[in-house]
Amino acid sequence: MLAHLDRKLLRDLKRLKGQVAAVSIVMACGLAMMITTRSLIASLDGTRADYYESSRFADVFGSLKRAPNHLADQLAALPGVAGVQTDIAGQVTLDLPGLDEPASGLVRSLPDFGEPELNRPFLRRGQWLVPGSRRELLVGEAFALANKLNPGDTLALIMNGRRQDFRIAGIVLSPEYIFESRPGAALPDSRSYGIFWMTYKEVATAWDLYGTFNHFSLKLAPGADPAPVIAAADRLLKPYGSLGAYGRKDHPSHIRVTDEIRVLTILSVGFPTIFLGVAAFMTNAVLSRLLALQREQIAIPKAFGFTNSQIVGHYLKFAAVIGLGGTALGGIGGALLGRWMVGLYDLFFRFPDLAFRLDRTAVAIAFGVGLVAVVAGVLSSVRKAAQLPPAEAMRPEPPANFRPSFIERTFLRRLFSHSFRIAVRNLERRPVQALFTIAGLALATALLILPNTFKAGIANILDQQWDVVQRQDINLGLAEPASSRVVHELERLPGVMHVETTRTAPVRIYFQGRNRQIGLRSLEPGSLHSRAVDRDGREITPSGDGLIISAKLAEVLGARVGDDVVVESLMGRRNMQTIRLAGLAEDFTGISAYMDRTAINRFLGEGDIVSGTSFTIDMARRGEFLRAVKAVPRISWIVIKESMRQSFRQTTAQMMGMLTTLYLTMAVIVAFGVIYNNARISLAERARELATLRVIGMTQREVGAVIVIELTVLAVLAVPLGLLLGTGFVTVLVTSISTESVRLPLVFTSYTYTFAILVVGVASALSAVVVLRKLKQLDLIGALKAPE
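In this report, we go over the structure that sits alongside the text. (Residues numbered from 1 in each chain as written. Predicted model: local features only at pLDDT ≥ 70, side-chain atom pairs only at ≥ 80, totals over all residues. Heavy atoms only, no water.)

Section: the overall build of the protein chain
Phase 1 of the analysis: When its secondary structure is counted, the protein chain shows 23 helices and 23 strands.
Phase 2 of the analysis: When the 788 residues of the protein chain are sorted by exposure, 55% land in the buried category.
Phase 3 of the analysis: In the protein chain, 82% of the contacts between residues at least 6 apart in sequence involve partners at least 24 apart.
Phase 4 of the analysis: Just so you have it, the protein chain exposes about 33900 Å², and 59% of that area is on carbon and sulfur atoms. (Helix = DSSP H or I, 4+ residues; strand = E, 2+ residues; numbered from the N terminus. Buried < 20%, exposed > 50% of the residue type's maximum accessible area, 1.4 Å probe, protein only. Contact = heavy atoms within 4.5 Å. Areas by Shrake-Rupley, 256 points an atom, 1.4 Å probe, with all protein chains shown as cover.)

Considering the side chain of S217
Phase 1 of the analysis: With respect to the secondary-structure elements, S217 resides in strand β10 (residues 212–220).
Phase 2 of the analysis: The exposure class assigned to S217 is buried, which follows from its relative accessible area of 0%.
Phase 3 of the analysis: A distance of 3.0 Å separates a polar atom in the side chain of S217 from a polar atom in the side chain of N119.
Phase 4 of the analysis: The contact partners of S217, leaving out residues within four places of it in the chain, are A58, V60, F61, G83, V84, Q85, L118, N119 and E176. (Polar contact = N/O pair within 3.5 Å; in protein donor to acceptor, adjacent residues only side chain to side chain.)

Details of the pairing of strand β22 (residues 609–617)
Phase 1 of the analysis: The buried fraction of β22 is high, at eight of nine residues.
Phase 2 of the analysis: Relative to β22, strand β12 (residues 474–483) runs antiparallel, the two being bridged by six bridges. The partner of L476 across the bridge, within β22, is T613.
Phase 3 of the analysis: Here six bridges tie strand β13 (residues 496–502) to β22, and the two strands are oriented antiparallel to one another. Paired with V496 across the two strands is I617, which belongs to β22. (Pairing = 2+ DSSP bridges.)

Comments concerning the nonpolar core
Phase 1 of the analysis: If you look at the biggest cluster of nonpolar residues, it comprises 91 residues, and the most contacted ones within it are L44, F271, Y345, F349, L448, M666 and V670.
Phase 2 of the analysis: Elements with a minimum of two residues in this core: α2 (17–55), α7 (252–293), α9 (308–342), α13 (431–447), α14 (449–469), α19 (641–685), α21 (700–736) and α22 (750–776).
Phase 3 of the analysis: Top element by residues in this core is α19. It accounts for 14 residues.
Phase 4 of the analysis: Residues in contact with M666, not counting those within four places in the same chain, are C29, A32, M33, F275 and L337. (Core = buried A, V, L, I, M, F, W, Y, C linked by side-chain atoms within 4.5 Å.)

Let's talk about α21
Phase 1 of the analysis: With 37 residues, α21 should cover 54 Å at 1.5 Å per step; its first-to-last C-alpha distance of 52 Å lies within 8% of that length.
Phase 2 of the analysis: Bending of α21 peaks at approximately 25° at the position of A718, with proline P720 no more than four residues after it. (Expected span 1.5 Å × (residues − 1). Bend = angle between axes of the 7 residues up to and from the residue.)

Description of the sheet that holds β12
Phase 1 of the analysis: With antiparallel pairing, the four strands of this open sheet are ordered in space as β13-β22-β12-β23. Strand pairing shows two members of the sheet lacking a second neighbour, β13 and β23 (635–640), which therefore form its edges. Put simply, the sheet's adjacent strands are angled 25° from each other on average, direction ignored.
Phase 2 of the analysis: Sheet strands touched by helix α18 (residues 622–630): β12, β13, β22 and β23. Its angle to β23, the strand with the most contacts, is close to 160°. (Axes fitted to C-alpha atoms, helices over the stretch in contact; angles between N-to-C directions.)

What to know about the sheet that holds strand β14 (residues 504–511)
Phase 1 of the analysis: Strands sit in the order β14-β15-β21-β18-β20-β19 around a closed barrel of six strands; the barrel is mixed. This sheet shows a mean twist of 45° between the axes of neighbouring strands, independent of strand direction.
Phase 2 of the analysis: In this sheet, strand β21 (residues 593–595) lies alongside strand β15 (residues 514–522) in parallel orientation, the contact comprising three bridges. If you follow R521 over to β21, its bridge partner there is Y594.
Phase 3 of the analysis: The sheet contacts of helix α17 (residues 597–604) involve β14, β15, β19 (564–569), β20 (576–585) and β21, and relative to β15 the element is tilted by about 125°.

Some details on helix α5 (residues 200–207)
Phase 1 of the analysis: Among the eight residues that make up α5, six are buried, leaving the element largely enclosed by the rest of the structure.
Phase 2 of the analysis: Residues of α5 that are buried: Y200, E202, V203, A204, A206 and W207.
Phase 3 of the analysis: Positive backbone phi, at 55°, marks D208, one or two positions downstream of α5.

Topic: the environment of F349
Phase 1 of the analysis: Note on placement: F349 falls in the loop between α9 and α10 (360–386).
Phase 2 of the analysis: Apart from the residues lying within four places of it in its own chain, the contact partners of F349 are L44, I178, F179, R256, V257 and E260.

Structural notes on the packing of α21 against α22
Phase 1 of the analysis: Viewed as axis vectors pointing N to C, α21 and α22 meet at an angle of 155°, and their least axial separation amounts to 10 Å. Classified by the interaxial angle, the pair formed by α21 and α22 is roughly antiparallel. When the axes of α21 and α22 are compared, the crossing they make is right-handed. In this structure, α21 contributes Q700, V703, G704, I707, V708, L711, A715, V719, L723 and T727 to the contact, and α22 contributes Y753, A756, I757, V760, S764, A768, V771, L772, L775 and K776.
Phase 2 of the analysis: For the contact of α21 with α22, the per-class residue count stands at 15 nonpolar, four polar and one charged. (Parallel < 35°, antiparallel > 145°, perpendicular 65-115°, else oblique. Left-handed = near helix turned anticlockwise from the far one by under 90°. Nonpolar A, V, L, I, M, F, W, Y, C, P; charged D, E, K, R; others polar.)

Looking at a nonpolar patch on the surface
Phase 1 of the analysis: The grouping of I25, L329 and I669 at the surface amounts to a nonpolar patch, some 240 Å² of accessible area in total.
Phase 2 of the analysis: Along the chain, the position of I25 falls in helix α2.
Phase 3 of the analysis: Residue I25 is classed as partly exposed on the basis of its relative accessible area of 39%. (Patch = residues over 30% accessible without salt bridge, like charges linked within 9 Å, V, L, I, M, F, W, Y side chains within 5 Å. Salt bridge = Lys/Arg side-chain N within 4 Å of Asp/Glu carboxyl O.)

Side note on the packing of aromatic side chains
Phase 1 of the analysis: For the coordinates displayed, the defined rule picks out 13 aromatic pairs.
Phase 2 of the analysis: Here the guanidinium or amino end of R135 rests over the ring plane of F166, the centre of that ring lying 5.9 Å away.
Phase 3 of the analysis: One residue, R256, lies across the ring of F179, its end atom 4.2 Å from the ring centre. (Phe/Tyr/Trp six-rings, centres within 6.5 Å; stacked < 30°, edge-to-face > 60°. Lys NZ or Arg CZ within 6 Å of the ring centre and 35° of its normal.)

Considering unusual backbone geometry
Phase 1 of the analysis: Look at K148: it is not a glycine, yet its phi comes out positive at around 55°.
Phase 2 of the analysis: In this structure, K148 sits in the loop between α4 (141–146) and β7 (154–159).

Thoughts on the pattern of salt bridges
Phase 1 of the analysis: Evaluation of the coordinates by the stated rule reveals 20 salt bridges.
Phase 2 of the analysis: Measuring nitrogen to oxygen at the nearest pair gives 3.9 Å for the salt bridge that ties R120 to E115.
Phase 3 of the analysis: What makes E115 exposed here is its relative accessible area of 56%.
Phase 4 of the analysis: Through salt bridges that share partners, D87, R108 and E176 make up one connected network.

Topic: the packing of α13 against α21
Phase 1 of the analysis: The contact between α13 and α21 brings their axes to 7 Å, and the two run at 45°. Comparing the axis directions of α13 and α21 gives the class oblique. Handedness of the α13/α21 crossing: right-handed. Residues A434, T437, I438, L441, A442, L443, T445 and A446 of α13 lie in contact with α21, whose contacting residues are L714, A715, L717, A718, V719, L721, G722, L723, L725 and G726.
Phase 2 of the analysis: When its residues are assigned to classes, the contact of α13 with α21 shows 14 nonpolar, four polar and no charged.

Description of a positive patch on the surface
Phase 1 of the analysis: A contiguous patch of positive charge, built from K14, K17, R773 and K774, is present on the exposed surface.
Phase 2 of the analysis: Structurally, K17 is set in helix α2. (Lys, Arg positive; Asp, Glu negative; His and termini not counted. Charge placed at Lys NZ, Arg CZ, Asp CG, Glu CD.)

Describing the side chain of K641
Phase 1 of the analysis: Note that K641 resides in helix α19.
Phase 2 of the analysis: Within the structure, K641 has its side chain in polar contact with the backbone oxygen of Q472 (distance 3.3 Å).
Phase 3 of the analysis: Ignoring any residue separated from it by four or fewer positions in sequence, one finds K641 in contact with W466, D467, Q470, R471, Q472 and D473.

Here it is as structure tokens:
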């Protein structure tokens, strides 16, 4: 007996193949996003874990002024410590042929003999440093690729004020620099900043630090708590100028990968939920209307002995086919998208081998979620139809209450055509069906808001962040803090139009049991360069000893304007001071704190000291200025605003652009699928009624207008709701993916809403054209025949 129902199932699927395909494609989009994002999480998290284990990545890190090497034994003796690695780290500048500005970087020492115990570099090309060799170094891969460097090439480094030439022995990766960027920078600038490794003797000799170290890493025993180890290390090294130890969770490179995984985790839930919600509404629309048309076909099998469960199972198979089709398409699409997208992470992250790992659990979850979505969409309708007694089901469905519609009961009735009144009457008499259709259209419209909001946010960062907040052309840092009189020397550089001094210092901010280690930066009242702005774009002026912090940092600490926070200096005498929180700055890369320069120096117990400067220059003399900067030995690094903007375009903006294009494509597919599906179902459901209208004398145009008007009314009601839902959805999603590393401003533009309206309008128009063509081909006699 079941074979008869299965043959009927095949006939129904063939007859409704367009609608079934539309629902399956919509579902596939959502499931593909789920599988892609979950697989990317598995790829990033799994690759990182394997890399950490193979390279023996440390759990605790710290920097200091200098300490004798024998203190390494005392660090190793701390409770919970299983391994220690000490080394020397020093800032260097480089003179690269073909690069106008001086490049900068960080040199790390490696043991003279044998490999390091912790944080072992991975050799990508070339060879390791030969024990006892001189003037050789290893170069980080990001810097090497950006500057087309190869083993055997020569690099000129200025180390501690002395220029030396080195031969590149090899190109390496390091677990400490999976995300390779300048300290404190949220974006990579691999063209002008790199990481280098030399033997301990080479580095110690250059900085006169032989027999000492200024950086350390600790490996903890399994199950050991980092907090007491960090506190003990700080106490031990405080007399030696400790800058404060921190755990792996606060390591800059680790944070960037963790933030990316967090964003993917949110996207793996948010987007699929909307897509699958749309698919559930579409499935309900297809099957509930199919059941309404097949009342007699349900009654006949029941009269011949088919049970209610068999009838329910038959129609659930229909839903299952949609679910299986969507899952299969989604699985294939998710795997292909994932393999493509994992390659994009080479723009950011440096792993020995970031291979795509299909999350099979996600595939299984997608299969289950897809089936649940379609079954949930039809179960109540199927059960209701199956419970009809055969005698009742054999009769046509009782007609709706054919009273005049609301419009027809008002004076407006004369203003509308017969076609309009028929369309409105039909919608009013089937309110639940209309509401489900509006809900599906609204969700499809909401999906169209997110991609263009992302694009608007990226454009805002590219323009406003670097033109409104950071108005200088160039920033540079000094090798050592110096008297503010240094500005007189620097303002004589060629092309300088305006120069301002800056002061930065590493600090740790505490508030109600929470803390963050960040850079404290100076902010001058009336500055023509850097400034802080609030969420409304108003400038925040530093006043007295008040502290301005990133809004994101305030969120992390749980602090509000007016609260008192404790600020601890991580240099010199490690002063601590309670400071009032005076303002929250709306920035979008990293987290920072700002104070007046005089207040910073007073807090540090220093005089009129600066650690860097910012410049406005005559761009016609840019090359001349940069060449002159190369000759100033006290300058340790330089950042060009346009270079950072270009780096953002090539990394974060490029990846976000690709993702938003992908989301936008899927959202457009969903919008067309929903509207087309609704139009085809409406035609199939009302074929008999429309044929009757043709027979009694209405023209082809008047009958077609009934369907078109229905589509239009539903779209007009759904679009405003969809725009509102989309705005709320985007607000929640953008707020959720806001991380300490990079954030997107929430920017809604008229283009975003106009685009969504146009897509729905175009989809409605194309669907109407298809339906009108089908209507023209309608067999009036066949449609009017009583069903067998």
